[in-house]
Amino acid sequence: MSYKFNINQKLSTLLLICIISISLNPATSIAEISDEVAYMDGDLLVLPQIVIGKNTWFNVSLEKHSDGNLTLVSHEGKTKKILPSVAIFKKGRIYINVLNDADEIISNVRYKYIAGTEYQFKLESFDTPLLTSDISFENRKTNLWVDYVTVRDPIIREKISKDYETCDCEYYGVGYADFDLDGDDDLLISTVWWGDGIDLSDYTLENYRTIPIEMYLNKGKDAFEYTENLFINTPTLADTTRRVIVSDFNNDVYPDFLLVATGFDAKPYPGATPTLVISDISGNYYSRKIDNKQHFLHGAASGDIDSDGDSDIVATSFDGVLLYENDGNGNFSKSTIDYFKDKYGIFHVEIFDFNDDSYLDIITTGHVWKTNTQIVFGPDFVNGMEINNSELTQNHVVNDIQFADLDGDGINEIIQSTTGGESEFYQGAYIEIIYFDEEMNQESNQIVYENPDRRGGVDRTSPKWIWWLKIADIDEDGNLDIMEDDKHDGTILLNTGNRNFVLRTE
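K.L.:
Got a minute to help me understand unusual backbone geometry in this structure?
P.N.:
Going from Lys267 to Pro268, the amide bond is cis rather than trans, its omega being 10 degrees. Gly378 connects to Pro379 through a cis peptide bond whose omega is 10 degrees. Tracing the backbone shows Pro379 in the loop between strand E26 (373-376) and strand E27 (384-387). Phi is positive for Phe381, which is not a glycine, with a value near 55 degrees. Phe381 gets classed as buried once you look at its relative accessible area, which sits at 6%. The backbone of Arg499 sits at a positive phi, close to 65 degrees, despite the residue not being glycine. Looking at where Arg499 falls in the secondary structure, it is placed in the loop between strand E34 (491-497) and strand E35 (500-505).

K.L.:
Is there a simple way to explain the confidence of the model for the protein in this structure?
P.N.:
Reading fine detail from the predicted coordinates is not recommended where pLDDT is low. Across the protein, pLDDT averages 90, with 93% of residues at or above 70. Of all the helices and strands in the protein, helix H1 (residues 2-21) carries the lowest mean pLDDT, 46, while strand E30 (residues 429-436) carries the highest, 98. Low pLDDT, under 50, characterises residues 1-10; the predicted model gives this stretch two contacts beyond four residues in sequence or across chains. Contacts of residues 20-34 to residues separated by more than four positions or lying in other chains number 21 contacts, the stretch itself having pLDDT below 50.

K.L.:
Would you mind going over the pattern of salt bridges with me for this structure?
P.N.:
Think of it this way: side chains of opposite charge can pair up when their charged atoms draw near. Counted by the stated rule, this structure contains 20 salt bridges. For the salt bridge of Asp265 with Arg242, the shortest nitrogen-to-oxygen distance reads 2.2 Å. Separated by 23 residues along the polypeptide, Asp265 in the loop between strand E17 (256-261) and strand E18 (275-279) and Arg242 in strand E16 (residues 241-247) bring together distant segments of the chain. Under the relative-accessibility criterion, Asp265 is labelled partly exposed at 22%. For Arg242, a relative accessible area of 5% corresponds to the buried category. Here Asp489 and Arg454 are joined by a salt bridge, their closest N and O atoms 3.5 Å apart. Pair noted here: Asp489 is in the loop between strand E33 (481-484) and E34 and Arg454 is in the loop between strand E31 (442-451) and strand E32 (469-472), with a separation of 35 residues, a long-range link. For Asp489, a relative accessible area of 23% translates into the label partly exposed. Each of Arg140, Arg243, Glu350 and Asp400 takes part in one network of salt bridges that share partners.

K.L.:
What am I meant to see in the nonpolar core here?
P.N.:
Most often, soluble globular proteins keep nonpolar side chains buried together rather than apart. Ranked by size, the top nonpolar core spans 32 residues in total, and within it Val151, Leu187, Trp194, Tyr216 and Phe224 carry the most contacts. Within the residue set of this core, elements represented by two or more residues are helix H2 (148-151), helix H3 (154-163), strand E10 (173-177), strand E11 (186-190) and strand E14 (223-227). At three residues, the largest contribution of residues to this core is made by H2. Excluding its chain neighbours within four sequence positions, the residues that come into contact with Trp194 are Thr166, Cys167, Cys169, Glu170, Tyr172, Leu200, Asp202, Tyr203, Arg242, Asp265 and Val458.

K.L.:
Even after reading the chapter, I still don't get the sheet that holds strand E21 (residues 312-317), so can you show me in this structure?
P.N.:
Strand pairing in a sheet relies on backbone hydrogen bonds. The paired strands run either parallel or antiparallel. The four strands lie next to each other as E20-E21-E22-E23, forming an open sheet whose pairing is antiparallel. Of all strands in the sheet, those bounded by a partner on one side alone are strand E20 (299-303) and strand E23 (332-336). If you compare each strand with its neighbour and ignore which way they point, the axes differ by 20 degrees on average. Of the strand pairs in this sheet, strand E22 (residues 320-326) and E23 are connected by five bridges, and their pairing is antiparallel. Its bridge partner being in E23, Leu322 is matched across the sheet by Thr336.

K.L.:
Whenever I open this one, the pairing of strand E28 (residues 396-404) confuses me. Can you help?
P.N.:
Where a strand is regular, its side chains alternate between the two sheet faces. Across the nine residues of E28, nine count as buried, placing the element largely inside the fold. As paired strands, E28 and strand E29 (residues 413-420) are joined by eight bridges and run antiparallel to one another. The residue bridging Ala404 from the neighbouring strand is Glu413, located in E29.

K.L.:
Sorry if this is basic, but what is going on with the state of the cysteines here?
P.N.:
Here a disulfide denotes one covalent bond, and it connects the sulfur atoms of two cysteines. Within the structure shown, the criterion is met by one disulfide. Cys167 shares a disulfide with Cys169; S-S distance 1.5 Å. Given an S-S torsion of about -110 degrees, the disulfide between Cys167 and Cys169 has left-handed geometry. Of the two residues, Cys167 and Cys169, both sit in the buried class.

K.L.:
Please clarify how the environment of Gln442 should be interpreted in this entry.
P.N.:
Locating Gln442 in the fold gives a position in strand E31. In this structure the C-alpha to C-alpha distance between Gln442 and Asp196, which are 246 residues apart in sequence, comes to 45 Å. A polar contact is formed between the side chain of Gln442 and the backbone oxygen of Asn388, at a distance of 2.8 Å.

K.L.:
I tried to follow H3 on my own but got confused; where do I start?
P.N.:
Residues three or four positions apart in an α-helix share a direction because the helix packs 3.6 residues into each turn. Between the side-chain oxygen at the start of H3 and the backbone nitrogen of Ile155 there is a gap of 2.8 Å, and the oxygen is on Asp153. Within two residues after H3, Glu165 carries a phi angle of roughly 50 degrees, on the positive side.

K.L.:
Would you mind going over the pairing of strand E7 (residues 93-101) with me for this structure?
P.N.:
With two bridges joining them, strand E1 (residues 38-41) and E7 adopt parallel strand pairing. In the strand pairing of E7, Ala38 is matched with Leu99. Direction of pairing for strand E6 (residues 87-90) relative to E7: antiparallel, over a ladder of four bridges. Paired with Lys90 across the strands is Arg93, a residue of E7. Hairpin connection of E6 to E7: two residues between the antiparallel strands, including Lys91 at a positive phi of 50 degrees. Examined bridge by bridge, E7 and strand E8 (residues 104-113) share eight bridges and lie antiparallel to one another. Bridge assignment links Leu99 to a residue of E8, and that residue is Ile106.

K.L.:
Where do I start with the packing of aromatic side chains in this structure?
P.N.:
Given two aromatic rings, one states the distance between the centres and the angle between the planes to describe the pair. Scanning the entire structure with this criterion turns up 28 aromatic pairs. Between Phe354 and Phe436, the aromatic rings sit 5.1 Å apart at their centres with planes inclined by 80 degrees, giving edge-to-face as the arrangement. Pair noted here: Phe354 is in the loop between strand E24 (346-352) and strand E25 (361-366) and Phe436 is in strand E30, with a separation of 82 residues, a long-range link. The class of Phe436 is buried, set by a relative accessible area of 1%. In textbook terms, an aromatic cluster arises when at least three aromatic residues are bridged by ring pairs, as seen for Tyr172, Phe425, Tyr426, Trp465, Trp467 and Trp468. Of note, Lys90 hangs over the ring of Tyr95, and the distance from its end group to the ring centre comes to 5.6 Å. Lying over the aromatic face of Tyr435, Arg499 brings its terminal NZ or CZ to 3.8 Å of the ring centre.

So, how was this worked out
Along each chain, the written sequence defines residue order, and numbers are assigned to residues from 1. Where totals are concerned, whole chains, interfaces and linings use all residues; where local detail is concerned, this predicted model gives features only for residues with pLDDT of at least 70, and gives and counts side-chain atom pairs only at 80 or more. To obtain the side-chain values, all non-hydrogen atoms of the structure were included, while hydrogens and water were left out. Secondary structure counts use DSSP, requiring at least four H or I residues in a row for a helix and at least two E residues in a row for a strand, with both numbered from the N terminus. For the exposure calls, accessible area comes from a 1.4 Å probe over protein chains only, and a residue counts as buried if that area is under 20% of its type's maximum, exposed if over 50%, partly exposed in between. Within a predicted model, pLDDT stands for the predictor's per-residue confidence, ranging from 0 to 100. Here, residues are in contact when the closest pair of their heavy atoms is within 4.5 Å. When a carboxyl oxygen of Asp or Glu is within 4 Å of a side-chain nitrogen of Lys or Arg, the pair counts as a salt bridge. We define a nonpolar core as any set of buried Ala, Val, Leu, Ile, Met, Phe, Trp, Tyr and Cys residues linked to one another through side-chain atoms lying within 4.5 Å. Here, a strand pair is defined by DSSP locating no fewer than two bridges between the strands. To obtain each axis, a line is fitted to C-alpha atoms, and for helices this fit is confined to the stretch in contact; angles are then taken between N-to-C directions over 0 to 180 degrees. Here, a disulfide means two cysteine sulfur atoms that sit within 2.5 Å of each other. Definition of a polar contact: a pair of N or O atoms within 3.5 Å, with one able to donate and the other able to accept a hydrogen when the atoms are protein atoms, and with sequence-neighbouring residues admitted only if both atoms are side-chain atoms. Between rings of Phe, Tyr and Trp, where Trp is taken as its six-membered ring, a pair exists when centres lie within 6.5 Å; planes separated by under 30 degrees are stacked, by over 60 edge-to-face, and by other angles tilted. Only when the NZ atom of a Lys or the CZ atom of an Arg is both within 6 Å of the ring centre and within 35 degrees of the ring normal do we say a charge sits over the ring.

Rendered as structure tokens:
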């Protein structure tokens, strides 16, 4: 072991000597460090930062030869600190988190020092990551279909239940993304504190707790591994997450998350300050508040609403419909927007190009007996339309709304999950499809799933309403099928064509 250590120490020393011996420009100040990923500039591979030993070096350039090998050629200074960095040199290898190579993004790039050469490195391996869309709706699409209960590490589940005095209850907040950029979707899961989950008699403001989020890395073959290694500090505490939305808010390729939080979900509804779980350039995560006010956020979605090239956030709250405009670096300014004819009863929002004109639209829904589902069309958000539920669901709560061309006619349908409202609040589970003609006029409504008996308690011992939907061709017959996103109750509606659906459960 000591022999390997001495060899690695020697290589680090040689690389440092090589860097120091190169003609220097004036050292770059910390404030001028670019947050961009590593990139190719002609034949030069440029590392905006690289950690070597206990120092961070800036704008290190390596020349790429015809054989693909690299040779160190220049840099722009260093600091005697270990800063978040796009690359690190250790054990005779250069590890690069993300590399933009001729507009192709590769990740986890590893170059190995070639023994006996003058500071040359040979490509050893790399991954092709799943890239994160600016539109949170697109980041819901994944080939994963999992039971959130069985995914959770039993030791962590037991520890959280004990330490936070909570039942193993509900999983509203789940985000799919490639955290480690290895080419498959991982999972972020946020559970909800409901006390012992029996009769909610202990669900009081005095007892109320926030619970740590959990990250699970996809190990393949339906196996997931709990990790805290990607957090800079301890895992973020979640304040009743009703939803997790995923986007690359700071444009560093790594996915970021907004925990859409209500806070304590009973009178006096104090709300919670919305929390971002955001990456730094080294691929580690930390949390920060998106603003300084508590909101009862029940829904949110992201997309480039102001057409300036980054991902903004639209959120529904008791304060109205909020717009958080992104400055491109994951910093947000908040305003209240009035795109909507009616604002009462809005609890869910999606951002999607519904009319297929290359501009994002905003779709809101919720308590449809108060306010119909509404679509306002981008980029000006002046014109819009209302969507009518069927007679069966016109007094329902819309839990989730999806968009897909289920019948292959080139026109998107709305697929929604609903449950009882008003007199039968949160009782039953229903899935409804709404069809449109070529002029975007509502054509018809179709109930494809109806189960009034689904009303299980928070302890999940019996099937509940369907909170989130998933659209995918699960039987690989060329038709998009409908299922509930959590495989726990296993509802599947197989699309057999011609607007026919067959119920299957797993």
